[in-house]
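Overview (structure and organization)
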Amino acid sequence: MALLEIRNLVKKFPVRRGFFNRVVGHVHAVNDVSFTVEAGQKVGLVGESGCGKSTLGKTLARLWEPTSGSIRYKNVEISKFSDAAMLPYRKEIQFIFQDPYGSLNPKMTVFSTLIEPYKVHNLVSNSREEQRKLIADLLETVGLPADSIDKYPHEFSGGQRQRIGIARAIATQPELIIADEPVSALDVSVQAQIVNLLDKLRDDQEVAFLFISHDLKVVHHFCEEIIVMYLGHIVEILSSEALYEDASHPYTKALLSAIPVDDPFNRVERQLLEGDVPSPIELPTGCPFHTRCPLAVQECREHKPSLRTISSGHHVACHFVEGEQATKIDIGAYDDEKVHKKAHKELSLAVEADAEEKALQVEIVEESGRAMGWGIAALFHVILSPYLLQSFPALGWLLYPMLLFPVMAIWKGLLTHDLVKARNTGEDWLPQANWSMGIGWACLISWTSEMMGLGHLWSLLGHLFGAL
Ligand code: SF4
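Computed from a predicted model, the values in this text were never measured in an experiment. (Residues numbered from 1 in each chain as written. Predicted model: local features only at pLDDT ≥ 70, side-chain atom pairs only at ≥ 80, totals over all residues. Heavy atoms only, no water.)

1. A closer look at the overall build of the protein chain
Under the convention used in this document: A run of H or I in DSSP becomes a helix once it reaches four residues, and a run of E becomes a strand once it reaches two; helices and strands are each numbered from the N terminus. For the exposure calls, accessible area comes from a 1.4 Å probe over protein chains only, and a residue counts as buried if that area is under 20% of its type's maximum, exposed if over 50%, partly exposed in between. What makes two residues a contact is simply this: any of their non-hydrogen atoms within 4.5 Å. Note that accessible areas follow from Shrake-Rupley with a 1.4 Å probe, and for residues the cover is restricted to the protein chains shown.
Each helix and strand counted, the protein chain has 16 helices and 12 strands in total. By residue count, 51% of the 468 residues in the protein chain fall in the buried class. A separation of at least 24 residues holds for 66% of the contacts in the protein chain among residues at least 6 apart in sequence. Of the roughly 22,800 Å² of accessible surface on the protein chain, 56% is carried by carbon and sulfur atoms.

This is the structure:
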């Protein structure tokens, strides 16, 4: 029985546009993905930025709801579980986040951060002494000094913060750890330390890993099996041992050829992919890789290849993988500067947010922009209404339809809050939404005050301050 079994998993995010917030399309982040993770197995998920690997990891950890498909953990279908039903499984499935800065609460000490999982899962008594001993042992396991226990996240370097994140993940002795680019935000020297720490944990504890990374070399070093993703699809699954010899999909070969070689006398020819990754909002027909594949023919544009088994433990989604064509990729010769640029593009550090994250940001920015627009209109309502009533009393009725402004400002502000909460991104736009809601409420209070004969907001505030 597999520890984790994924079947036909799909994750889409709606793209909304226009005044009525209509859904005009979807970001197809994860498309019909199936694979398994055995107990204690180290599986690597590799692909370039925006290919959906982080979304897949978060969906498997049930941080995001899957759109469709099956997630079976120890033969239990968990894809539709509520937060409460997921709680016992959260102890067994833990997550290491990419960003060691954003994933720790800056107001909590290391002790408060690390004791939380124990308390949530009732794994520790109320004895303060026992709790501190537990955390001290945990810190030792991840190579942090014992005096770190009462410090705050800002007192640590990036590598040390990632160690705290790892300590939090292993606290409950999970059976599966999903590590989402755990080293990509760190300096190269610190990356090596964290990979060594994960190596040690991998060897010491019988825990399965789903290791997500854009760096094929790190994944090859750390994992037993490698899953290659492109545009939300799995294009190849193979054992780590077979990577250099047997990789068959043109995309995997391109990734392999982009790995820098640390021997200046060993000049490898590289296979460079032309063009950009297509938009995940409008997926290409046929093979998702055909727009950049040097082997693409008409059949590739029309028919999507399924993931086929070509040997034990080796699966490839390419029409020509068993034919001559797949093994005859002309990788050509290119000058060094071009090689560097392209290789960097293919396997660069993840400096851009994933494509789906970008679409979510756009959605939140648009909504908070609308809130702001209505808020400004409501502000005019507050400022102008006394002059309108005084100078043109006959036009006073106009204030009634203008009540739409504050109502819309509040509604759009609340919608922005909902989106930020549901999508777990875009907090930067909340002040704008709050400002609009504040103006909206001020406008409504002013209007109510006028209706009750207490005068305009300014007079109402005057009364209040006078009373104080
Ligand atoms: S199916 Fe065609 S386009 Fe897709 S990877 Fe194979 S050769 Fe390239």
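2. Brief notes about helix α3 (residues 110-120)
Of all the positions in α3, only V110, F111, T113, L114, I115, P117 and Y118 are classed as buried. Against the buried residues of α3 lie α4 (128-141) and α5 (158-170). Looking one or two places after α3, you find N122, whose phi comes out positive at around 50°.

3. Focus: the sheet that holds strand β5 (residues 76-77)
Pairing between sheet strands relies on hydrogen bonds along the backbone, with the strands arranged either parallel or antiparallel. Operational definition: Between any two strands, at least two bridges found by DSSP are needed for them to pair. Axes, fitted as lines to C-alpha atoms, cover a helix only where it is in contact. Angles between the N-to-C directions of the axes lie from 0 to 180 degrees.
The antiparallel open sheet is built from four strands, whose spatial order is β2-β1-β4-β5. Looking at strand neighbours, the two that pair on one side only are β2 (22-37) and β5, the edges of this open sheet. Looking at chain direction, strand β1 (residues 4-17) and β2 are connected through 11 bridges and run antiparallel. Residue pairing across strands places E5 opposite T36, the latter belonging to β2. Against the sheet, helix α1 (residues 53-60) engages β1, β2 and β4 (68-73), with an angle of about 115° to β1.

4. A look at empty space enclosed by the protein
Selection rule: In this analysis the probe radius is 1.4 Å and the grid spacing 1 Å, with only protein atoms considered; a cavity is a set of points the probe fits into but cannot get out of, a pocket is an open set with protein on both sides within 12 Å along at least five of seven lines, and lining residues have an atom within 4 Å of a point. Grid points are joined across faces, edges and corners, and a volume is the space filled by probe spheres set on the points. Residue polarity follows a fixed list, in which Ala, Val, Leu, Ile, Met, Phe, Trp, Tyr, Cys and Pro are nonpolar, Asp, Glu, Lys and Arg are charged, and the others, Gly among them, are polar.
All chains considered together, the criterion is met by two cavities of 30 Å³ or more. Taken as a whole, the largest cavity encloses approximately 80 Å³ of empty space. Across the lining of the largest cavity, the residue classes break down as nine nonpolar, two polar and no charged.

5. Side note on the site of the ligand
Short version of the rule: Any residue with a non-hydrogen atom lying within 4 Å of a molecule or strand is treated as near it. Molecules are considered to sit inside a cavity or pocket once more than half of their atoms lie within 2 Å of its grid points.
Around the ligand, 13 residues are found, and the nearest of them are C287, C293, C300, C318 and H319. The cavity that encloses the ligand is the largest cavity.

6. Here we look at the sheet that holds strand β9 (residues 225-230)
Taken in spatial order, the eight strands line up as β6-β7-β8-β3-β9-β10-β12-β11 in an open sheet, and their pairing is mixed. Strands with a single pairing partner mark the edges of an open sheet, and in this sheet they are β6 (93-96) and β11 (308-311). The sheet shows a mean angle of 20° between the axes of neighbouring strands, direction not considered. Both β6 and strand β7 (residues 176-180) contribute to a ladder of four bridges, which runs parallel. By the bridge assignment for β7, F95 is matched with I178. Against the sheet, helix α2 (residues 83-92) makes contact with β6 and β7, and its axis sits at roughly 65° relative to β6, the strand it touches most. Along the sheet, helix α9 (residues 250-257) makes contact with β9 and β10 (233-239), crossing β9 at roughly 105°.

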